[in-house]
Protein chains: 2
Amino acid sequence: METIKPSSKMFLDIVGELRLMIKAEGIAVGDKLPSERVLAERLQVGRSTIREALRSLELLGLIETRRGEGTFLSDFKKHQLVEVLSTFIMQQPNSAMDVKQTRIIHEKAAIRSICKQEEKRQLPVWQSLLVRLEEDGAVLREDIIREMIVVTDNRLSLKIWFLLKRYSRVPYEELTTAAEKETVKALLENIVSGLEEKAITAYDNWIEIIEGEV
Amino acid sequence: METIKPSSKMFLDIVGELRLMIKAEGIAVGDKLPSERVLAERLQVGRSTIREALRSLELLGLIETRRGEGTFLSDFKKHQLVEVLSTFIMQQPNSAMDVKQTRIIHEKAAIRSICKQEEKRQLPVWQSLLVRLEEDGAVLREDIIREMIVVTDNRLSLKIWFLLKRYSRVPYEELTTAAEKETVKALLENIVSGLEEKAITAYDNWIEIIEGEV
DNA sequence: AAACAATAGTGGTCTGACCACTTTTCAACA
DNA sequence: TGTTGAAAAGTGGTCAGACCACTATTGTTT
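Residues numbered from 1 in each chain as written. Chains lettered and ligands numbered in written order. Predicted model: local features only at pLDDT ≥ 70, side-chain atom pairs only at ≥ 80, totals over all residues.

Novice: What am I meant to see in the environment of Ile149(A) here?
Specialist: By the secondary structure assignment, Ile149(A) is in helix H8 (residues 141–152). Excluding residues within four positions of it along the chain, Ile149(A) makes contact with His106(A), Ala110(A), Ser157(A), Leu158(A) and Trp161(A). (Helix = DSSP H or I, 4+ residues; strand = E, 2+ residues; numbered from the N terminus. Contact = placed C-beta atoms within 7 Å.)

Structure follows, in structure tokens:
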């Protein structure tokens with residue numbers, strides 16, 4: 001197609017060219033991009049240069065490649081970006097504490113978010129969790145929190161939380177003591193009632209119980 | 001070094017290998033990585049595969065390459081990543097919303113965290129910001145929020161926030177109207193006084209003002 | 001019409017070759 | 001001896017061509 005003016009980093013230019021091409025040709029999410037060989041031809045660069053650009057975009061989760069099929073414009077929901085970044089960040093000192101704090105940030109935000117929304121407080125999920133707590137108690141800590149974040153309907157936050165959970169070596173197992181069950185019950189009841197501050201307090205207590213365990 | 005078992009995407013494995021290598025050899029920010037040829041030799045893959053991984057990390061801003069010199073571990077403050085990303089992503093309405101909500105989560109968490117800690121509320125930074133607001137008003141929105149998150153001393157949260165901020169192309173510029181200045185003043189004063197809920201309310205107002213601008 | 005085999009297309013990887021640039025080396029010079 | 005400066009070595013940037021593994025298409029046979 002057009003000839004591009006080489007700057008210091010050709011593959012960065014290619015990334016920009018691809019963006020323009022996608023826009024110009026109205027390529028939508030899920031659509032197929034031209035093949036690497038075609039792109040190399042059209043942009044007048046080597047295939048390896050095209051690939052460096054495509055691989056970058058793939059790591060960002062902007063495109064998806066399937067061997068034998070082609071390259072497709074991807075949905076941002078993949079968020080591979082966050083994954084890579086976190087694995088790099090995670091290995092730096094002080095990070096264990098940061099990971100825990102950040103995880104708590106997202107968990108508390110979910111609680112607050114639900115408390116503020118009438119329709120989400122009335123979801124049957126909470127009652128069902130309470131019932132399960134009363135009966136056999138086969139409830140995973142992880143399930144409770146995950147449900148809350150799922151309900152907030154923020155996929156990015158959910159994705160981040162998943163990552164943090166994986167790295168934070170926290171015992172997300174079954175509820176153990178009776179005291180813990182009481183605390184979680186209080187948390188759920190306060191959420192249902194929309195008592196934000198009390199819910200947060202219950203959550204803080206819960207964290208303390210879990211901490212004391214380790 | 002070691003031989004890696006090929007999965008479907010070799011270059012993704014390489015990204016992981018590089019991470020391990022950086023950790024194992026204690027390569028710090030600013031340090032030089034082995035050359036592409038050496039990496040190819042050590043990981044027993046072709047140089048082009050190494051390059052695909054490195055170029056990906058470069059677009060993420062995790063490394064920096066200088067022709068003739070080498071590849072260096074970077075503290076990913078270089079922008080280039082996100083201009084590209086935002087232009088790619090902003091077309092998808094849902095993810096844009098998620099990014100914004102998640103950014104707000106981190107900003108509010110910082111405010112709450114500071115309000116709860118006496119010693120951080122008394123930091124001279126807040127007074128100095130207030131003074132600057134009263135006088136010429138040359139204060140960037142970004143500076144205020146960043147300062148708050150920095151003070152919380154959670155690097156991970158800070159990095160996530162940086163990322164989200166750049167994704168969301170929010171007008172993080174100078175404070176404009178008098179009403180906005182008043183709101184920010186209220187936010188800062190409530191923080192200093194440790195009035196958590198009032199600080200959050202002020203923050204909510206601020207967000208609304210910024211929203212209304214667009 | 002259905003089943004199957006050959007073919008073309010696509011991404012994944014490797015090799016080797018240049019180029020442009022920077023750092024290092026080391027010999028010639030003052 | 002100390003400096004200078006040119007050659008050499010090292011490094012990232014790019015290209016071309018060659019395979020491989022896999023998928024989709026095509027075309028023939030049954």
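Novice: Help me out: how do you make sense of the pairing of strand S1 (residues 63–66) of chain B in this one?
Specialist: A regular strand places its side chains on the two faces of the sheet in alternate fashion. All names here are of chain B. Where S1 lies against strand S2 (residues 70–73), 4 bridges are found, and the strand directions are antiparallel. Opposite Ile63, over in S2, you have Leu73 as the bridge partner. Here S1 folds back onto S2, and the loop between the two strands holds 3 residues, one of which, Gly68, carries a positive phi near 85 degrees. (Pairing = 2+ DSSP bridges.)

Novice: Got a minute to help me understand the protein's contact with DNA strand C in this structure?
Specialist: Of all residues adjacent to DNA strand C, which total 21 residues, the nearest are Ser35(A), Met10(B), Gly46(B), Thr49(B) and Gly68(B). Listing elements by their share of the surface near DNA strand C, those giving two or more residues are helix H2 (36–43), helix H3 (47–59) and strand S2 (70–73) of chain A together with helix H1 (10–24) and helix H3 (47–60) of chain B. Sorting elements by how many residues they give to the surface near DNA strand C places H3(B) first, with 3 residues. Looking at the surface near DNA strand C residue by residue, the classes come out as 3 nonpolar, 10 polar and 8 charged. (Near = placed C-beta within 6 Å. Nonpolar A, V, L, I, M, F, W, Y, C, P; charged D, E, K, R; others polar.)

Novice: Even after reading the chapter, I still don't get the protein's contact with DNA strand D, so can you show me in this structure?
Specialist: Near DNA strand D you find 20 residues, and of these Met10(A), Gly46(A), Thr49(A), Gly68(A) and Ser35(B) are the closest. If you list the elements that add at least two residues to the surface near DNA strand D, you get helix H1 (10–24) and H3 of chain A together with helix H2 (36–43), H3 and S2 of chain B. For the surface near DNA strand D, the residue count by class is 3 nonpolar, 10 polar and 7 charged.

Novice: Would you take a moment to explain the nonpolar core for this structure?
Specialist: As a rule of thumb, soluble globular proteins bury nonpolar side chains together. One finds Ile111(A), Leu187(A), Ile191(A), Ile111(B), Leu187(B) and Ile191(B) to be the most contacted residues of the largest nonpolar core, which totals 52 residues. Beyond its immediate stretch of four places on either side in the chain, Ile191(A) contacts Ile111(A), Ile114(A), Cys115(A), Arg121(A), Trp126(A) and Ala199(A). (Core = buried A, V, L, I, M, F, W, Y, C linked by C-beta atoms within 7 Å. Buried ≥ 20, exposed ≤ 12 C-beta atoms within 10 Å, placed from the backbone.)

Novice: Would you explain unusual backbone geometry in this entry?
Specialist: Keep in mind that most residues, glycine aside, have a negative phi and that most peptide bonds are trans. Of note, Gln44(A) is a non-glycine position whose phi angle comes to about 60 degrees, a positive value. Judged by the 10 C-beta atoms lying within 10 Å of it, Gln44(A) is exposed.

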